[in-house]
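What the coordinates show
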Amino acid sequence: MDELQEDPEKPQKSGRVAATSVIWGVSGGMLTICIPLVIVTKTGAILPLATIVGAALATFAVWLGENNNSQVKQLEDRIAFLETIVTTQNSNKD
């Protein structure tokens with residue numbers, strides 16, 4: 001029966017994997033552009049390092065970011081609880 005239950009973390013992880021692949025795909029393209037720019041401008045490894053550091057920080061933010069789904073779930077539960085209270089109070093008045 002446990003096999004039939006969905007893992008609540010699975011959709012979130014698949015979204016994180018997709019975001020990570022987009023981040024590193026774009027940074028790969030930026031690195032491809034940086035190599036000729038470094039040769040032409042003679043800036044050294046500043047542009048490629050900035051690209052790699054930016055992609056690493058973005059990946060870090062995606063994987064260690066706060067889970068907003070749990071906050072949304074908590075708010076939905078609070079609203080449902082308040083609706084129950086109001087409905088109960090209205091039915092008691094009748």
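Residues numbered from 1 in each chain as written. Predicted model: local features only at pLDDT ≥ 70, side-chain atom pairs only at ≥ 80, totals over all residues. Heavy atoms only, no water.

**Focus: the overall build of the protein**
Put simply, the rule reads: Helical segments are the DSSP runs of H or I of at least four residues, strand segments are the runs of E of at least two, and each set is numbered from the N terminus. Throughout this description, buried means an accessible area under 20% of the type-specific maximum (1.4 Å probe, protein chains only), exposed means over 50%, and partly exposed covers the range between. Only heavy atoms matter for contacts: two residues are in contact if any of them lie within 4.5 Å across the pair. All accessibility values rest on the Shrake-Rupley procedure with a 1.4 Å probe; residue burial counts only the protein chains present in the view.
Of regular secondary structure, the protein possesses three helices and zero strands. If you list the helices and strands of the protein from N to C, you get α-α-α. Looking at the 94 residues of the protein, the share that counts as buried comes to 12%. Summarising the internal contacts of the protein: among those between residues at least 6 apart in sequence, 66% fall at separations of at least 24. When the accessible surface of the protein is summed, it comes to about 7800 Å², and 67% of that surface belongs to carbon and sulfur atoms.

**Brief notes about a nonpolar patch on the surface**
Filter applied, for reference: Each patch is assembled from residues with relative accessible area greater than 30% and no salt bridge, linking like charges that lie within 9 Å and nonpolar side chains (Val, Leu, Ile, Met, Phe, Trp, Tyr) that lie within 5 Å. Here, a salt bridge means any Lys or Arg side-chain nitrogen found within 4 Å of an Asp or Glu carboxyl oxygen.
A contiguous nonpolar patch, built from Val17, Phe60, Trp63 and Leu64 and spanning about 420 Å² of accessible area, is present on the exposed surface. The leading source of residues in the nonpolar patch is helix H2 (residues 46–64), at three residues. Checked against the element boundaries, tryptophan 63 lands in helix H2. Look at tryptophan 63 and you get partly exposed, because its relative accessible area is 33%.

**Considerations on H2**
As a reminder of what qualifies: To estimate how far a helix should reach, multiply one less than its number of residues by 1.5 Å. When we speak of the arc, we mean the arc of directions from the helix axis to the C-beta atoms.
Spanning 19 residues, H2 covers 26 Å between terminal C-alpha atoms, matching the ideal 27 Å at 1.5 Å per step. When H2 is considered as a whole, its buried residues turn out to be Pro48, Thr51, Ala55 and Thr59. Buried residues of H2 fall within an arc of 65° about the axis and therefore sit on the same side. Away from its buried face, by an angle of more than 90 degrees, H2 presents the exposed residues Ile46, Leu49, Leu57, Phe60 and Leu64.

**Description of the confidence of the model for the protein**
Let me state the cut-off plainly: One number per residue, pLDDT, summarises how confident the predictor is, and it ranges from 0 to 100.
Overall, the prediction assigns the protein a mean pLDDT of 81, with 80% of residues at 70 or greater. When mean pLDDT is taken per element in the protein, H2 scores highest with 91 and helix H3 (residues 68–93) scores lowest with 81. Counted against residues more than four places away or in other chains, residues 1–5, with its pLDDT under 50, gives zero contacts.

**Some details on the side chain of serine 27**
Considering the arrangement of structural elements, one finds serine 27 in helix H1 (residues 9–41). Setting aside chain neighbours within four positions, we find serine 27 in contact with Thr51 and Ala55.

**Considerations on the environment of alanine 50**
As for its placement among the helices and strands, alanine 50 is situated in helix H2. Separated by 19 residues in the primary sequence, alanine 50 and leucine 31 have C-alpha atoms spaced 9.7 Å apart.

**So, the side chain of arginine 16**
Turning to its location among the elements, arginine 16 is positioned in helix H1. Taking relative accessible area as the criterion, arginine 16 reaches 16% and is therefore assigned buried. Setting aside residues up to four positions removed in sequence, arginine 16 forms contacts with Val62, Trp63 and Gly65.

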